[in-house]
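Topology and contacts: notes
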Amino acid sequence: QVQLVESGGGLVQAGGSLRLSCAASGRTFRNHDIGWFRQAPGKEREFVAVIRWTSTYFIDSVKGRFTISRDNDMVYLQMNSLNPEDTAVYYCAARSSTGGVGSRPYPWAYNYWGQGTQVTVSS
């Protein structure tokens, strides 16, 4: 199985930056996509970004502001130009690497999940 642990959340002023980290372990981790999702109070969990190796995919609302990178068993989500709408609990998740990297950008397509890290952006 794949085990995931997120970290790096916190309180950030609007316009600021924050980097989230996802530490992964497991014998099949190298064959998995690592995605980031977020869930705000009262809202459904939504896809944010995913990385396979050099291939990435982002939801439209974060394109140009967020970047995702992978370094062995660590995956990072660099968030710039944050706004209050980015406030949410952020989760990293893993799935088997099949199909296009941007396909199936939904929670049900991911098999393993971390516990989440809170990101709060003040206005």
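For the structure itself, look to the data block above.
Attention in this report is confined to the structure presented alongside it. (Residues numbered from 1 in each chain as written. Predicted model: local features only at pLDDT ≥ 70, side-chain atom pairs only at ≥ 80, totals over all residues. Heavy atoms only, no water.)

Moving on, we get to the overall build of the chain. Scanning the chain from terminus to terminus reveals zero helices and eleven strands. In summary, the chain has a C-alpha radius of gyration of 13 Å against a globular reference of 14 Å for 123 residues, a match within 12%. Summarising its shape, the C-alpha atoms of the chain cover approximately 40 × 25 × 25 Å along the three principal directions. Put simply, the chain shows about 6400 Å² of open surface, and 47% of that area lies on carbon and sulfur atoms. Computed over 12 positive and 9 negative side-chain charges, the separation of the two mean positions in the chain equals 6 Å. (Helix = DSSP H or I, 4+ residues; strand = E, 2+ residues; numbered from the N terminus. Rg over C-alpha atoms; globule rule 2.2 N^0.38 Å. Areas by Shrake-Rupley, 256 points an atom, 1.4 Å probe, with all protein chains shown as cover. Lys, Arg positive; Asp, Glu negative; His and termini not counted. Charge placed at Lys NZ, Arg CZ, Asp CG, Glu CD.)

For the rest of this paragraph, the subject is the side chain of H32. Among the structural elements, H32 can be located in strand β4 (residues 32–39). Among the residues examined, H32 registers a relative accessible area of 5% and is labelled buried. (Buried < 20%, exposed > 50% of the residue type's maximum accessible area, 1.4 Å probe, protein only.)

With that settled, consider the pairing of strand β8 (residues 74–79). Pairing geometry for strand β3 (residues 18–25) and β8, over six bridges, is antiparallel. Each residue of the ladder has a partner; that of R19, found in β8, is Q78. Across six bridges, the pairing between strand β7 (residues 66–71) and β8 is antiparallel. Within β8, the position partnered with S69 by the bridge is Y76. Where β7 folds back on β8, the antiparallel hairpin that results is connected by two residues, among which N72 adopts a positive phi of roughly 55 degrees. (Pairing = 2+ DSSP bridges.)

Once that is clear, we can look at the environment of L82. Secondary-structure assignment places L82 in the loop between β8 and β9 (88–96). On the basis of relative accessible area, L82 is assigned to the buried category, the value being 2%. Note: C-alpha distance between L82 and S122 (40 residues apart in sequence) is 9.2 Å. Other than its neighbours up to four places away in sequence, L82 contacts V12, A14, G15, G16, S17, L18, R65, F66 and V121. (Contact = heavy atoms within 4.5 Å.)

All quantities given are derived from atomic positions and should not be read as evidence of function.
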